[in-house]
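Chain residues, written in single-letter form:
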Amino acid sequence: MSAQLAMHVPNHALSSMTPSQTRDNVLQVEHLTVSFDGFKAVNDLSLTVERNELRVIIGPNGAGKTTLLDMICGKTRPTAGRVLFEGRDLTRMSEYQIVRAGVGRKFQTPSVYEDLTVFENLEISLPRMHGLFQSLVFRRSSAIVERVKAMAAQIFLSERLGHRAGLLSHGQKQWLEIGMLLMQEPTLLLLDEPVAGMSPREREQTGDLLSRIATGRSVVVIEHDMDFVKRIAHRVTVLHQGKLLSEGSAAQVQADPRVIDVYLGH
Ligand code: ADP
Ligand code: MG
C-alpha cells in the first residue's frame, strides 16, 4: 500500500519538472536471460515501460514472449538479469509478493470461477478477500456493490452480473478476467493474447477497454493481430529468438526490414 501512496505525486510537483524528469519508468527489464537445458528462451533482453504506457509485444511463435511475462510475474526465475518494478527487483520476490506490489497477470486461457456469477467473480477479486469462503460470508457493503457494478460496466458485462460465469462467451470470460485483475488496482497489467478467439466486434471493444485502462497504469499486451496492434499500441517491442529485434511505433516496426524478414513477411 505504501508504495502505491508514494506514487501520488501532486500536480504542482509534476508541472515544475522538465519533460525528461516526468518520464517515469514503471518497468525496467535488464539483461534478462533464462536458459532451459542450455536453450535460451529469453536472451539478454532489456526494455523499459513507462507509466501510462500501453506496450505491445509481438514476434513469431517461440520468440519468448510468454516466457518474458512469466519472469516478470515470478512464475519463471531468470538465469541472469533482473526486472525492476518501481525500483524493486521482482526476480527476488515470490509470485504472491509481486501481485501485492501491483503487478497483475492474465494468462492466455481465461480462468474465472465458472460456477459463480459475474458479480461474485468480481467481488472475490477485491484485495483483502483472501478466499472463496471468507468472501461468500462477507456482508456486502453498498460500496462494494457499487465498485463491482462500475467494473462490470467497464468490461461490458452490466447485463450479465447475475449470470454464472460458465455461461459467458469466450470473449466475455476474457473481459471478466481482466475485470477481476482490475479490481486489485494493479499498477502494471500483463496480458497474454487477450483477444485470441474474439469476434471483430469484441476485439474493437477490447481495444477501447485496454486504451482506457492504460491511463493511470501501464499495460503490456502480447498480440499477433497487426490491425489490433496498430490501433492500441503506444510502442511495440518485437522479439525474435529471445532477443529484442526492433522497437518503436507500430508504423516504425512494420517498416523495419528485419521485422518484415522474420515475422511480418510470412
Ligand atoms: P512465445 O510466447 O513467444 O510463443 P514462449 O515464451 O512460450 O514463446 O517460448 C519460447 C521458447 O521457450 C519456446 O521454444 C518454448 O518451447 C521454450 N520454453 C518455454 N517454456 C519452457 C520450459 N519451461 N521448458 C523448456 N522450454 C521452454
Ligand atoms: Mg506465448
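Everything that follows concerns the structure shown earlier in this document.
Please read all numbers here as calculations on a predicted model, not as lab measurements. (Residues numbered from 1 in each chain as written. Chains lettered and ligands numbered in written order. Predicted model: local features only at pLDDT ≥ 70, side-chain atom pairs only at ≥ 80, totals over all residues. Heavy atoms only, no water.)

Engineer: How do you make sense of the site of ligand 1 when you look at a structure like this?
Structural biologist: Close contacts around ligand 1 come from Phe36, Phe39, Ala41, Pro60, Asn61, Gly62, Ala63, Gly64, Lys65, Thr66 and Thr67, and that covers them all. Note that an oxygen atom of ligand 1 is positioned 3.0 Å from one of the backbone N or O atoms of Gly64. A distance of 2.8 Å separates an oxygen atom of ligand 1 from a polar side-chain atom of Thr66. When residues of the shell around ligand 1 are traced back to their parent elements, those giving at least two are strand 2 (39-50) and helix 4 (65-72). The leading source of residues in the shell around ligand 1 is helix 4, at three residues. In terms of residue class, the shell around ligand 1 is made up of five nonpolar, five polar and one charged. (Near = heavy atom within 4 Å. Polar contact = N/O pair within 3.5 Å; in protein donor to acceptor, adjacent residues only side chain to side chain. Helix = DSSP H or I, 4+ residues; strand = E, 2+ residues; numbered from the N terminus. Nonpolar A, V, L, I, M, F, W, Y, C, P; charged D, E, K, R; others polar.)

Engineer: Which parts of the structure should I look at to understand the sheet that holds strand 7 (residues 188-192)?
Structural biologist: Strands belonging to one sheet form pairs held by backbone hydrogen bonds; the direction of such a pair is parallel or antiparallel. What the six strands build is an open sheet, ordered 6-7-8-3-9-10; its pairing is mixed. With partners counted over all chains shown, the strands left at the sheet margins are strand 6 (103-106) and strand 10 (243-248), one partner each. For this sheet the average axis-to-axis angle between neighbouring strands, irrespective of direction, equals 15 degrees. Strand direction decides the pairing type here: strand 3 (residues 54-58) and strand 9 (residues 235-240), joined by four bridges, are parallel. The partner of Ile57 across the bridge, within strand 9, is Thr237. This element, helix 9 (residues 170-182), spans strand 6 and strand 7 of the sheet and lies at about 165 degrees to strand 6. (Pairing = 2+ DSSP bridges. Axes fitted to C-alpha atoms, helices over the stretch in contact; angles between N-to-C directions. Contact = heavy atoms within 4.5 Å.)

Engineer: Looking at this structure, I do not really get the packing of aromatic side chains. What am I missing?
Structural biologist: Aromatic ring pairs: the centre-centre distance and the angle between the two ring planes describe each pair. For the structure on display, the rule yields one aromatic pair. Between the NZ or CZ atom of Arg105 and the centre of the ring of Phe107, over which it lies, the distance is 4.0 Å. (Phe/Tyr/Trp six-rings, centres within 6.5 Å; stacked < 30°, edge-to-face > 60°. Lys NZ or Arg CZ within 6 Å of the ring centre and 35° of its normal.)

Engineer: When you look at helix 10 (residues 200-213) in this model, what are you seeing that I'm missing?
Structural biologist: Helical geometry note: an α-helix holds 3.6 residues per turn, so side chains three or four residues apart project in the same direction. Its 14 residues place the ends of helix 10 20 Å apart at the C-alpha level, agreeing with the 20 Å of an ideal helix rising 1.5 Å per residue. Looking at the packing, one finds that the buried side of helix 10 touches strand 3, helix 8 (142-154), helix 9, strand 7, strand 8 (218-222) and helix 11 (226-232). (Expected span 1.5 Å × (residues − 1).)

Engineer: Honestly, the nonpolar core in this entry has me stumped. Any pointers?
Structural biologist: One recurring pattern in soluble globular proteins: nonpolar side chains tend to sit buried together. Grouped together as the largest cluster of nonpolar side chains are 48 residues, with contacts concentrated most on Leu122, Leu176 and Leu210. Element by element, the count of residues in this core is highest for helix 9, at six residues. Not counting residues within four places of it along the chain, the set of residues in contact with Leu176 comprises Val112, Val118, Asn121, Leu122, Ile155, Leu157, Ala165 and Leu168. Listed in part, the 29 residues of the second largest apolar core include Leu90, Val103, Val220 and Leu239. (Core = buried A, V, L, I, M, F, W, Y, C linked by side-chain atoms within 4.5 Å. Buried < 20%, exposed > 50% of the residue type's maximum accessible area, 1.4 Å probe, protein only.)

Engineer: Teacher, can you tell me more about the side chain of Lys65 here?
Structural biologist: For Lys65, the location among the structural elements is in helix 4. It turns out Lys65 is buried and unbridged, and the closest side chain with the opposite charge, Glu193, is 5.3 Å from it. Not counting residues up to four positions away in its chain, the partners in contact with Lys65 are Ile57, Ile58, Gly59, Pro60, Ile222, His224 and Leu239. (Lys, Arg positive; Asp, Glu negative; His and termini not counted. Salt bridge = Lys/Arg side-chain N within 4 Å of Asp/Glu carboxyl O.)

Engineer: Before we go on, may I ask you to explain the pairing of strand 8 in this structure?
Structural biologist: Looking down a regular strand, the side chains alternate between one sheet face and the other. Within strand 8, five of the five residues are buried, which leaves it mostly tucked inside the rest of the structure. Taking every second residue as pointing to the same face, both faces of strand 8 are buried, with Ser218, Val220 and Ile222 on one and Val219 and Val221 on the other. Examined bridge by bridge, strand 7 and strand 8 share five bridges and lie parallel to one another. Among the inter-strand pairings, Leu189 is bridged to a residue of strand 8, identified as Val219. Read as a crossover between parallel neighbours, the route from strand 7 over helix 10 to strand 8 is right-handed. (Right-handed = clockwise from strand over helix to strand, strands pointing away.)

Engineer: Honestly, the pattern of salt bridges in this entry has me stumped. Any pointers?
Structural biologist: Side chains that differ in sign of charge can pair as their charged atoms come close. According to the stated counting rule, one finds 19 salt bridges in the structure shown. Here Glu86 makes a salt bridge to Arg51, at a shortest N to O gap of 3.3 Å. Of the two residues, Glu86 is situated in the loop between strand 4 (80-85) and strand 5 (88-89) and Arg51 in the loop between strand 2 and strand 3; the sequence distance between them amounts to 35 residues. Exposure remark for Glu86: the relative accessible area of 23% places this residue in the partly exposed category. Exposure remark for Arg51: the relative accessible area of 24% places this residue in the partly exposed category. Between Glu204 and Arg201 there is a salt bridge, with the nearest N and O atoms lying 3.7 Å from each other. Of the two residues, Glu204 and Arg201 are both situated in helix 10; the distance of three residues between them amounts to about one turn of the helix. Overall, the relative accessible area of 52% leaves Arg201 in the exposed class.

Function cannot be read off these values alone, since they describe shape.
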